[in-house]
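# Per-entry structural report
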Amino acid sequence: MLRLVLVDLRRHVARTVLTAAGVAMGVATIVALLSLSSGIERGASGLIHLGGSELGLFQGGVGDLTASTLPTSLVVRVRRTPGVRDATAVAVATGELTTRRSFLVFGVDPRGFVARRVVFLSGRPPLRAGEAALGDGAARTLGLGMGDRLPMVRGPARIVGVYHAGVPFEDQGAALTLAAVQRLLGRPGDATTIAVSLRPGARAADVGRRLERAFRGTVAISQPGQVTRVDTNSLLIREAAIVFVALALIIGGIGVANTMVLAAVERRRDFALLLAVGWPRRLVAALVLGQGLVLGLAGAVAGSVLGTVGAGLLVRATGASALVTPHVTAATFAVAIPLALATGALGSLYPAWWATRLRPAEALG
């Protein structure tokens, strides 16, 4: 049966390749979108857990987490919330490095727990304007170290420390004083997030609800899966993935149906002969469906590879590699591969039905 399935596909190689390519493009788009969405969630997790914080408080309804703006005056009131051990303001700026558009700069209070919890491999935290501490990941990437100048857009900053936080999102950036980053953003007295450390035994979900009730317009996030509550960009990517799933199913199904109809018409005498010698009509239908599934499987394999590679190239091309690292999971392929197979099967339904309705005497006449 498999050999018969492959006969017509090999007979028209160009048509087979083009049809499989159509399915592959749909699969590649889905894989890329899902991996980017997962990467955004993982990146957001780093922003939520800066300095080992268990919970992050953000402004609600913003496009992405880094666009959040909260007054630093909330810190004192957050510390009084039951279940909170400590809280500190963190400001985040992007695009402040002359050589890397996606480089992140964190403004931290040297006395806050975020600055105290990172491990300094050398030097110390920044204490005044014009000083910076560099994450060890960024130090390796940029080739900079203690005493060097960090080339920032609004003037270089002297590197007074190299730290390791254990969070790639944080280790690929640099830390300045909170006041310095507030000046970069042009928002004195404001922060991007308030990092919260919990008391032993306190549940992040319970404390988060208390904070949201106490401070209207804020969102407390403790898990990456909650990012879509505030990060509308991540939500848009997820919704776009759903739309592309539907489009891929429709467009890919039409392409497969076109190929299979042409193949069925060209092989009608072969099908009629098989029916004449006693082949059950269900086997004739299985032969056509098998060809559609092979096309779908070929598209799934090619599209998975293309989507995985394409997502990484897209992030690097847009200069967003420090913010987003595409993350391909088994769940991504669990969506893409069955979709490609379903596309092949659906596109083969009508040709399979048509082949089983042939009358041997008329087709062979």
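What counts, and at which threshold
- Residues numbered from 1 in each chain as written.
- Predicted model: local features only at pLDDT ≥ 70, side-chain atom pairs only at ≥ 80, totals over all residues.
- Heavy atoms only, no water.
- Helix = DSSP H or I, 4+ residues; strand = E, 2+ residues; numbered from the N terminus.
- Buried < 20%, exposed > 50% of the residue type's maximum accessible area, 1.4 Å probe, protein only.
- Contact = heavy atoms within 4.5 Å.
- Areas by Shrake-Rupley, 256 points an atom, 1.4 Å probe, with all protein chains shown as cover.
- Salt bridge = Lys/Arg side-chain N within 4 Å of Asp/Glu carboxyl O.
- Pairing = 2+ DSSP bridges.
- Arc of directions from axis to C-beta.
- Polar contact = N/O pair within 3.5 Å; in protein donor to acceptor, adjacent residues only side chain to side chain.
- 1 Å grid on protein atoms, 1.4 Å probe; cavity = no way out; pocket = protein on both sides within 12 Å on 5 of 7 lines; lining within 4 Å.
- Points joined across faces, edges and corners; volume = space filled by probe spheres on them.
- Nonpolar A, V, L, I, M, F, W, Y, C, P; charged D, E, K, R; others polar.
- Core = buried A, V, L, I, M, F, W, Y, C linked by side-chain atoms within 4.5 Å.

### Observations regarding the overall build of the protein
Within the protein, the regular secondary structure consists of 13 helices and 12 strands. For the protein, the residues scored as buried account for 48% of the 365 residues in total. In the protein, of all internal contacts separated by at least 6 residues, the share reaching a separation of at least 24 is 78%. Entry remark: accessible area of the protein is about 16,800 Å², with carbon and sulfur atoms responsible for 62%.

### Focus on the environment of A214
Its place among the elements puts A214 in helix α8 (residues 204–214). Spatially, the C-alpha atoms of A214 and V78 are 8.9 Å apart, while their sequence positions differ by 136 residues.

### Looking at the pattern of salt bridges
Counting across every chain of the model gives 9 salt bridges. Among the salt bridges present, the one from D86 reaches R79, with a minimum N-O distance of 3.3 Å. The buried category is assigned to D86, whose relative accessible area is 17%. Residue classification places R79 among the partly exposed positions, given a relative accessible area of 38%. D136 is paired through a salt bridge with R140; the nearest N and O atoms lie 4.0 Å apart. With a gap of 4 residues between them, D136 and R140 both fall in helix α5 (residues 136–142), about one helical turn apart. Among the charged side chains, a salt-bridge network with shared partners connects R124, R128, E131 and R158.

### Remarks on the environment of A191
For A191, the location among the structural elements is in strand β10 (residues 190–191). Beyond its immediate stretch of four places on either side in the chain, A191 contacts S68, T69, L70, T72, A89, V90 and A91.

### Quick word on the pairing of strand β1 (residues 55–59)
Most of β1 sits out of view: 4 of its 5 residues are buried. Pairing of β1 with strand β11 (residues 193–198) involves 3 bridges; the strand directions are antiparallel. Note on β11: the bridge partner recorded for G56 is A195. In terms of strand pairing, β1 meets strand β12 (residues 218–221) through 4 bridges, oriented antiparallel. If you follow Q59 over to β12, its bridge partner there is T218.

### Here we look at α8
When α8 is considered as a whole, its buried residues turn out to be V207, G208 and L211. The arc that holds the buried residues of α8, viewed along the axis, is 105 degrees, so those residues lie on one side. Against the buried residues of α8 lie β1, α3 (74–79), β3 (84–94), β11 and β12.

### With respect to helix α7 (residues 178–185)
All buried positions along α7 are accounted for by L178, A180, V181, Q182 and L184. If you follow the buried residues of α7, they end up packed against β3, β4 (104–108), β9 (174–177) and β10. Phi for G186, located one or two positions after α7, is positive at around 70 degrees.

### With respect to the side chain of T218
You can see T218 is positioned in strand β12. T218 sits in the buried class, given a relative accessible area of 10%. Polar side-chain contacts of T218 include one of 2.6 Å to the backbone oxygen of F215. If we skip the residues at most four places from it in the chain, T218 touches L57, F58, G60, L70, L211 and E212.

### A short note on empty space enclosed by the protein
Per the counting criterion, the structure on display carries 2 cavities of 30 Å³ or more. Roughly 110 Å³ of internal volume is contained in the largest cavity. Forming the boundary of the largest cavity are 13 residues, of which V108, V118, Y163, E170 and A175 lie nearest the centre. Elements with a minimum of two residues in the lining of the largest cavity: β4 and α4 (113–117). Split into classes, the residues belonging to the lining of the largest cavity amount to 12 nonpolar, no polar and 1 charged. Considering only enclosed or pocket space, the second largest cavity measures out at about 30 Å³ in volume. Lining the second largest cavity are M260, A263, A264, R267, F271, V288 and Q291. Every element with two or more residues in the lining of the second largest cavity is listed here: α9 (232–266) and α11 (281–317). In terms of residues, the lining of the second largest cavity owes the most to one element, α9, which gives 3 residues. Here the residues of the lining of the second largest cavity are counted per class, giving 5 nonpolar, 1 polar and 1 charged.

### Details of the nonpolar core
Grouped together as the largest cluster of nonpolar side chains are 37 residues, with contacts concentrated most on V78 and I194. Not counting residues within four places of it along the chain, the set of residues in contact with V78 comprises L57, V84, A87, I194, V196, L211 and F215. Counting 22 residues, the second largest nonpolar core, distinct from the first, contains L47, V114, A133 and V219.

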